[in-house]
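# Summary of structural features
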Amino acid sequence: MPKPDEEVSKLKRLRSNKKCFTCKSGVSSYVATPHNVFVCDTCGGILRESGFKAKGIAMTSWTLADVKNIKEGGNKNAKKYLLKGFDTEKLPDSNDSTAIRAFIRDVFLDKKYQRKKKTKKTRRSPAASRSDVSEPAPEAKAKA
């Protein structure tokens, strides 16, 4: 079985993870957690400024748990969830740190483009829909 560090390097080489998740940079060298996306040096620094962790791919001793999380994340899956409806052709330029900061705020902090999770509607019993289920029925009140 490959070592975790080798696994992360392999994941970085996947087409969807080669480029930075948050800008038009062609090189990803960090993994930003907790979203487990691959980002460039500039975006990794800006994410750290915003309170996120950005781990250097070549500088981190990765664990099997990290590898599992990155496999579940990655840029492809994150785009489906975090950038729903966003045109990725409009990613900020890698030299525009102001635009990158705004984009990171929109995506990771304000969750501006995040896909909404569907909630199941639960059926309530007739008794549960009354405001006070311990109150006696109207017929019982009239006899009292």
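Above: the structure in question.
Our subject in this report is the structure included herewith.

Basis of the calculations
- Residues numbered from 1 in each chain as written.
- Predicted model: local features only at pLDDT ≥ 70, side-chain atom pairs only at ≥ 80, totals over all residues.
- Heavy atoms only, no water.
- Buried < 20%, exposed > 50% of the residue type's maximum accessible area, 1.4 Å probe, protein only.
- Helix = DSSP H or I, 4+ residues; strand = E, 2+ residues; numbered from the N terminus.
- Pairing = 2+ DSSP bridges.
- Contact = heavy atoms within 4.5 Å.
- Patch = residues over 30% accessible without salt bridge, like charges linked within 9 Å, V, L, I, M, F, W, Y side chains within 5 Å.
- Areas by Shrake-Rupley, 256 points an atom, 1.4 Å probe, with all protein chains shown as cover.
- Salt bridge = Lys/Arg side-chain N within 4 Å of Asp/Glu carboxyl O.
- Lys, Arg positive; Asp, Glu negative; His and termini not counted.
- Charge placed at Lys NZ, Arg CZ, Asp CG, Glu CD.
- Phe/Tyr/Trp six-rings, centres within 6.5 Å; stacked < 30°, edge-to-face > 60°.
- Axes fitted to C-alpha atoms, helices over the stretch in contact; angles between N-to-C directions.

## Observations regarding the pairing of strand β3 (residues 53-56)
Side chains A54 and G56 project from β3 onto a buried face, and the interleaved K53 and K55 project onto a face without burial. Both strand β1 (residues 30-33) and β3 contribute to a ladder of four bridges, which runs antiparallel. Pairing of T33 across the sheet is with K53, part of β3.

## As for the side chain of T22
Looking at the secondary structure, you find T22 in the loop between α2 (15-18) and β1. Since its relative accessible area comes to 0%, T22 is described here as buried. Each residue touching T22, except ones within four places of it in the same chain, is listed here: V39, C43, L91, P92, F103, I104 and F108.

## Considering a positive patch on the surface
Taken together, the side chains of R15, K18, K19 and K79 present a region of like positive charge at the surface. Its place among the elements puts K79 in helix α5 (residues 74-82).

## Examining the packing of aromatic side chains
Inspection of the entire model under this criterion finds four aromatic pairs. Where F86 meets F103, the ring centres are 5.1 Å apart and the plane angle is 45 degrees; that geometry is what we call tilted. Placement of the pair is F86 in the loop between α5 and α6 (97-109) and F103 in helix α6, with a sequence separation of 17 residues. Grouping residues by exposure puts F86 and F103 together as buried. Relative to Y113, the ring of F86 lies with its centre 4.8 Å away and its plane at 55 degrees, an arrangement referred to as tilted. Taken together, the positions of F86 in the loop between α5 and α6 and Y113 in the loop between α6 and α7 (126-129) put the pair 27 residues apart, joining distant regions of the chain. Put simply, the rings of F21, F52 and F108 pair up and form one aromatic cluster.

## Regarding the sheet that holds strand β2 (residues 37-39)
The three strands are arranged β2-β1-β3 in an open sheet whose pairing can be described as antiparallel. The open sheet is flanked by β2 and β3, the only strands paired with a single partner. Across the sheet, the mean angle separating the axes of adjacent strands is 35 degrees when strand polarity is ignored.

Nothing here speaks to function; it is all geometry.
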